[in-house]
Amino acid sequence: MQPFTGQEYENMSVQIDIPPLLRHLTDGATSAKVKGSTVGDCLNHFVKLYPKTKRLLFDKDGKLLRYVEVYVNKVTTYPEELATPVNDGDEISIVYVISGG
Amino acid sequence: MKGITRKFLRINLSNGKIGEEPIAEQVETDFIGGRGFGIHYLYREVAPKTDPLGEQNKMIFVAGPLAGTNAQAVSRWMVCTKSPLTGAFARSVAGADFGAWIKFAGYEFILVEGKAERPVYIHLTRAACQIEAADELWGKDTVVTQEWLSQRHGLNTRVACIGPGGENLVKYAAIVTNRRTASRCGVGAVMGSKNLKAIAINAERNLQLHDPEGYKQLVKQQIQMMMANKGFQYHKEMGTTGNPENTSELGIFPTRNFRYGRLDDYEKLAGEEYLKRRIGEFGCYSCAARCGKVHRVTKGPYAGAHSEGPEYESIWAFSGPIENSYLEATIAADQLCDDLGIDTISTGNTIGFAYELYEKGLLTKKDTDGLELKYGNHKAMVALVGKIARREGIGDLLAEGTMRVAAKIGKGAEAFAINAKGLELPAYEPRGAKSLGFNYATSNIGGSHGYGYAPQEVFGAPFPRKVDRFAEEENADIVVFNQNNGAVGEVGIVCVFARGWFPQLYDKLLIAATGIDKIGERGYLPRVGERIVNLERAFIVREGFGRKQDTLPQRMLSEPLHTRGSPGEGQMIRNLDKFLDRYYEIRGWTPQGIPSPEKLKELGLGYVVKDMAQSQNAKAI
């Protein structure tokens, strides 16, 4: 797989809503504009922008952590997850599906 | 035509009278069931200023309309009563099978009133209900009590009972069923005050549903949706043990009696560490999650200790408050609380408070029976659990909870008492998750996370909208939403961890079960949730609660949070008043926090208006 540069999707823009857990790793930013045609592309671009977030998104094999769920326009992408296509103007939400009593 | 009859059982322990009563159709329509029935009957039957531990207080053991069916994660149950810890409304939720068994016995709820002269237990079958002597059981822990009753009445018996904590009127005593507990607000002490050791139910599945075939189809859909949900799968695997890392990273894991937002070596509390000690799992009635993870200690001073749990709150309760990362001690303390029947949250919080009093010199070794309450000393923590439940030595004082201990000690101790309305705060730091914090302040039961949990702040859930967890009055709408939504879920007493089906199927399941078609109308369920919260509010206003009591511990209002490198350093609650103004405005309450006549009438609670007009707070406006 070629490293993602973002140039492939110059005309596309997707917004990622950054969850509270990641905001101290994004200099306080609460959202980010990324490019890509799939959720995987967009998250890779996001990690490129904010490398410290990687450990709280992906496991060592590059799969989404088992307690990270990604929504596009408030609809879950599970089980397709990273392969889910996105369109210009879509909004991605990252939710930590951990249970807390 | 609904084709079903819903009723409850009234048991008077003073005169031995037992009788069934129907639930009026209007009450069913307005409140649906569960917590709705709980507050409806409590409001009407428990007069203002009733002594919570007196004969006149009443207890409602209620299941939801879906309990006992094969729908998943809907068989929880709760106790509604007046709390001896707070003097406010109490709603305390538990799991296991007991909720299903209430329904199998033929009832929506069991209302217990009066006081027995000697220790008794209630034995209930579908055919009969008897009040039996329990002298032999008094003093026994919850494990022995349940075994004794199962041997006597058969394996098909399900029991809700108290341990020494409830008998000794520990202000935060719990009611235990299997290894699950209705823990909060001291409901076990109310049971103890009535000399009621246990309720034992023998029954077999026998349910009436309005539309059995439709219900069956909905359950099939529910199971498919649940199984296809990522959150459900993770919950099934880990229970709630994965959360300490999350809240530590967020800087909201209360540490050293809520001075810090993170334990330095929180990795030692990680879910993976608990996984290494896991020996089994336990599930509630008709729930595939089986999220109760059983842990055993195999070495060290607590070898042999084992517990169904600890779950997140209890992991915190016996680590964060005293800064302990030796999780074997946490497991041991959790086991003791369940065996002896006391709430882990209030117990752990109160112990953390005692450690700070010791640090400040307000308690000395002379007061603590020789125990050295230095942070990290887990042996003293475990010893205190037993002392509290048995009211031995220092335990007799600590059994009163942080609010009363502070009042008794004086000398500024109140500054370190971490409670809201007298209920000890749980495992989320309010300065770093402010909607949750403001929920503690305004909750009608006091410092409870479950009353209005904020998944937006803790997990990033973007529903109904995104939330800045450090914002204050800007999030008043979210606090209202979370509290009302919590009440909606608790008319069916649905497990909060049941994911992937709730928004799509909950109303349909309720209609198929009850035949109340109105539930399907747009906005109907949120209105029921709002009605419940308002009636609970009216209950506590009648008791003298108002704006002054809608507050947080001094620490949250005056000391900056320290997060040891996690985000949120320096945060504090800066403008409680602005928040309350906005919150009351959205709720339709007066600036003193009293439901307005217009709001009450709009919700069909016109009969409450005169009570509000007569309340002490209303006069003070």
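Note that the coordinates shown come from a computational prediction; the quantities given were computed from them, not determined experimentally.

Each value, and the rule that gives it
Residues numbered from 1 in each chain as written. Chains lettered and ligands numbered in written order. Predicted model: local features only at pLDDT ≥ 70, side-chain atom pairs only at ≥ 80, totals over all residues. Helix = DSSP H or I, 4+ residues; strand = E, 2+ residues; numbered from the N terminus. Rg over C-alpha atoms; globule rule 2.2 N^0.38 Å. Buried ≥ 20, exposed ≤ 12 C-beta atoms within 10 Å, placed from the backbone. Contact = placed C-beta atoms within 7 Å. Nonpolar A, V, L, I, M, F, W, Y, C, P; charged D, E, K, R; others polar. Domains from an automatic or database assignment. Axes fitted to C-alpha atoms, helices over the stretch in contact; angles between N-to-C directions. Parallel < 35°, antiparallel > 145°, perpendicular 65-115°, else oblique. Pairing = 2+ DSSP bridges. Left-handed = near helix turned anticlockwise from the far one by under 90°. Core = buried A, V, L, I, M, F, W, Y, C linked by C-beta atoms within 7 Å. pLDDT = per-residue confidence, 0-100.

Peer 1: I tried to follow the overall build of chain B on my own but got confused; where do I start?
Peer 2: Regarding its fold elements, chain B presents 26 helices and 17 strands. Relative to the compact-globule value of 25 Å for 621 residues, chain B shows a C-alpha radius of gyration of 23 Å, a close match. Counting only C-alpha atoms and orienting by the principal axes, one finds that chain B spans roughly 65 × 55 × 50 Å. The buried share among the 621 residues of chain B stands at 63%.

Peer 1: Before we go on, may I ask you to explain the overall build of chain A in this structure?
Peer 2: If you tally the helices and strands in chain A, you get one helix and five strands. Ordering the α and β elements of chain A from the N terminus gives β-β-α-β-β-β. By residue count, 41% of the 101 residues in chain A fall in the buried class. When contacts within chain A are restricted to residue pairs at least 6 apart in sequence, those whose partners lie at least 24 apart make up 53%.

Peer 1: Hey, could you run me through the interface of chain A and chain B in this one?
Peer 2: It is common to give the size of an interface as the accessible area that goes away when the parts come together. Across the contact, 20 residues belong to chain A and 25 residues belong to chain B. Per element, the largest residue contribution to the side of chain A that touches chain B is four residues, and it comes from strand β5 (residues 91–96) of chain A. Grouping the amino acids of the side of chain A that touches chain B by side-chain chemistry returns 10 nonpolar, five polar and five charged.

Peer 1: Help me understand the domain arrangement of chain B in this model?
Peer 2: Residue and element names in this part refer to chain B. The domain architecture assigned to chain B consists of domain 1 (7–202) and domain 2 (239–424). The gap between the C-alpha centroids of domain 1 and domain 2 is 26 Å. Between domain 1 and domain 2, the residue contacts involve 35 residues of the former and 29 residues of the latter. Put simply, the parts of the chain that give the side of domain 1 that touches domain 2 at least two residues each are α3 (98–104), α4 (142–153) and α5 (164–167). Broken down by element, the residue count for the side of domain 1 that touches domain 2 peaks at three residues, all from α5.

Peer 1: What am I meant to see in helix α2 (residues 35–45) of chain B here?
Peer 2: In an α-helix, one turn spans 3.6 residues, which is why side chains three or four residues apart end up on the same side. α2 of chain B sits mainly inside the fold: eight of its 11 residues count as buried. Inspection of α2 of chain B places R35, G36, F37, G38, I39, H40, Y41 and L42 of chain B among the buried residues, and these make up the whole buried set.

Peer 1: Is there a simple way to think about the packing of helix α13 (residues 344–359) of chain B against helix α16 (residues 401–409) of chain B in this case?
Peer 2: Two numbers describe a pair of packed helices, the interaxial angle and the distance between the axes. All names here are of chain B. Contact geometry for α13 and α16: axes closest at 9 Å, N-to-C directions at 25°. Taken as axis vectors, α13 and α16 run roughly parallel relative to one another. Contacts between α13 and α16 involve S346, N349, T350, F353 and L357 from the first element and G401, T402, V405 and I409 from the second. A per-class count over the contact of α13 with α16 returns four nonpolar, five polar and no charged.

Peer 1: Is there a simple way to explain the sheet that holds strand β3 (residues 68–72) of chain A in this structure?
Peer 2: In a beta sheet, neighbouring strands are held together by backbone hydrogen bonds and run either parallel or antiparallel to one another. Residues and elements named next belong to chain A. Spatially, the five strands line up as an open sheet ordered β2-β1-β5-β3-β4, and their pairing is mixed. Each of the sheet's edge strands pairs with one partner strand only, and the pair in question is β2 (31–34) and β4 (75–76). Of the pairings in the sheet, the one linking β3 to β5 comprises five bridges and is antiparallel in character. Opposite V70, over in β5, you have I94 as the bridge partner. Where helix α1 (residues 39–49) meets the sheet, it contacts β1 (14–17), β2, β3 and β5, and its direction lies at approximately 115° from that of β2.

Peer 1: Explain the sheet that holds strand β6 (residues 109–113) of chain B to me, please; I cannot follow it from the model alone.
Peer 2: Residue and element names in this part refer to chain B. Taken in spatial order, the six strands line up as β2-β1-β6-β3-β4-β5 in an open sheet, and their pairing is mixed. The strands lining the two open edges of the sheet, one partner per strand, are β2 (18–22) and β5 (89–94). Strand-to-strand twist in this sheet, taken as the mean axis angle between neighbours without regard to direction, amounts to 20°. When strand β4 (residues 77–82) meets β5, the two strands line up antiparallel, connected through six bridges. Counted as the bridge partner of M78 is V93 from β5. Contacting β3 (59–63), β4, β5 and β6, α2 crosses the sheet at an angle of about 20° to β4.

Peer 1: Help me understand the environment of I511 of chain B in this model?
Peer 2: Residue and element names in this part refer to chain B. Within the fold, I511 resides in helix α20 (residues 502–514). I511 sits in the buried class, given 20 other C-beta atoms within 10 Å. Residues I511 and E267 lie 244 residues apart in sequence; the distance between their C-alpha atoms is 46 Å.

Peer 1: Help me understand the packing of helix α17 (residues 434–442) of chain B against helix α19 (residues 476–489) of chain B in this model?
Peer 2: Residues and elements named next belong to chain B. Viewed as axis vectors pointing N to C, α17 and α19 meet at an angle of 65°, and their least axial separation amounts to 9 Å. Relative to α19, the element α17 lies roughly perpendicular. Here the hand of the crossing between α17 and α19 comes out right-handed. Residue-level contacts link S435, F438, N439 and T442 of α17 to I478, V479, N482 and Q483 of α19. Split by residue class, the contact of α17 with α19 holds three nonpolar, five polar and no charged.

Peer 1: What should I look at first to understand the pairing of β3 of chain A in this one?
Peer 2: Regular strands place their side chains on alternate faces of the sheet. Residue and element names in this part refer to chain A. When you tally the buried positions in β3, you get four out of five residues, the bulk of the element. Relative to β4, β3 runs antiparallel, the two sharing two bridges. Each residue of the ladder has a partner; that of Y71, found in β4, is T76. Linking β3 to β4, which pair antiparallel, is a turn of two residues; within it N73 sits at a positive phi near 50°.

Peer 1: In this structure, what is going on with the nonpolar core? I would like to understand it.
Peer 2: Where a protein is soluble and globular, its nonpolar side chains tend to be buried together. Residues and elements named next belong to chain B. Counting residues in hydrophobic clusters, the biggest one holds 224 residues, and the most contacted among them are F61, I102, F109 and I110. Examining the composition of this core, we find that nine residues originate from one element, helix α21 (residues 524–542), more than from any other. The residues that make up this core include at least three from each of domain 1 (7–202) and domain 2 (239–424). Once residues lying within four places of it in the same chain are set aside, the contact partners of I102 are F61, A63, A67, W77, Y107, F109, I110 and I201.

Peer 1: Before we go on, may I ask you to explain α17 of chain B in this structure?
Peer 2: The element α17 of chain B is extensively covered by neighbouring structure, given that nine of its nine residues are classed as buried. Within the span of α17 of chain B, buried status applies to K434, S435, L436, G437, F438, N439, Y440, A441 and T442 of chain B.

Peer 1: Honestly, unusual backbone geometry in this entry has me stumped. Any pointers?
Peer 2: For residues that are not glycine, phi is negative in most cases, and the peptide bond is trans in most cases. The omega torsion of the bond from Y78 of chain A to P79 of chain A falls at 10°, within 30 degrees of zero and hence cis. Here P79 of chain A shows up in the loop between β4 and β5. The omega angle of the peptide bond from G309 of chain B to P310 of chain B is 0°, so this bond is cis rather than trans. If you check the backbone angles, R290 of chain B has positive phi at about 45° while not being a glycine. One can find R290 of chain B in the loop between β13 (278–282) and β14 (292–296). Backbone geometry at K421 of chain B places phi at a positive 55°, although glycine is not the residue there.

Peer 1: Looking at this model, I keep getting lost on the environment of V297 of chain B. Mind explaining?
Peer 2: Residue and element names in this part refer to chain B. With respect to the secondary-structure elements, V297 resides in the loop between β14 and β15 (306–308). It is 30 Å that separates the C-alpha atoms of V297 and L357, two residues lying 60 residues apart in sequence. Beyond its immediate sequence surroundings of up to four residues, V297 is in contact with R277, Y302, A303, G304, A305, H306, E328, I331 and A332.

Peer 1: Would you take a moment to explain the confidence of the model for chain B for this structure?
Peer 2: Where the model shows low pLDDT, its predicted coordinates should not be examined in detail. When the pLDDT values of chain B are averaged, the result is 96; 99% of them are 70 or greater. Two numbers describe this predicted complex: its pTM, 0.97, and its ipTM, 0.87.

Peer 1: Please clarify how the pairing of β14 of chain B should be interpreted in this entry.
Peer 2: Residue and element names in this part refer to chain B. Sheet topology places β13 next to β14; four bridges connect them, and they run antiparallel. Across the sheet, F282 pairs through a bridge with G292, a residue of β14. Across two bridges, the pairing between β14 and β15 is antiparallel. Paired with R296 across the bridge in β15 is H306.

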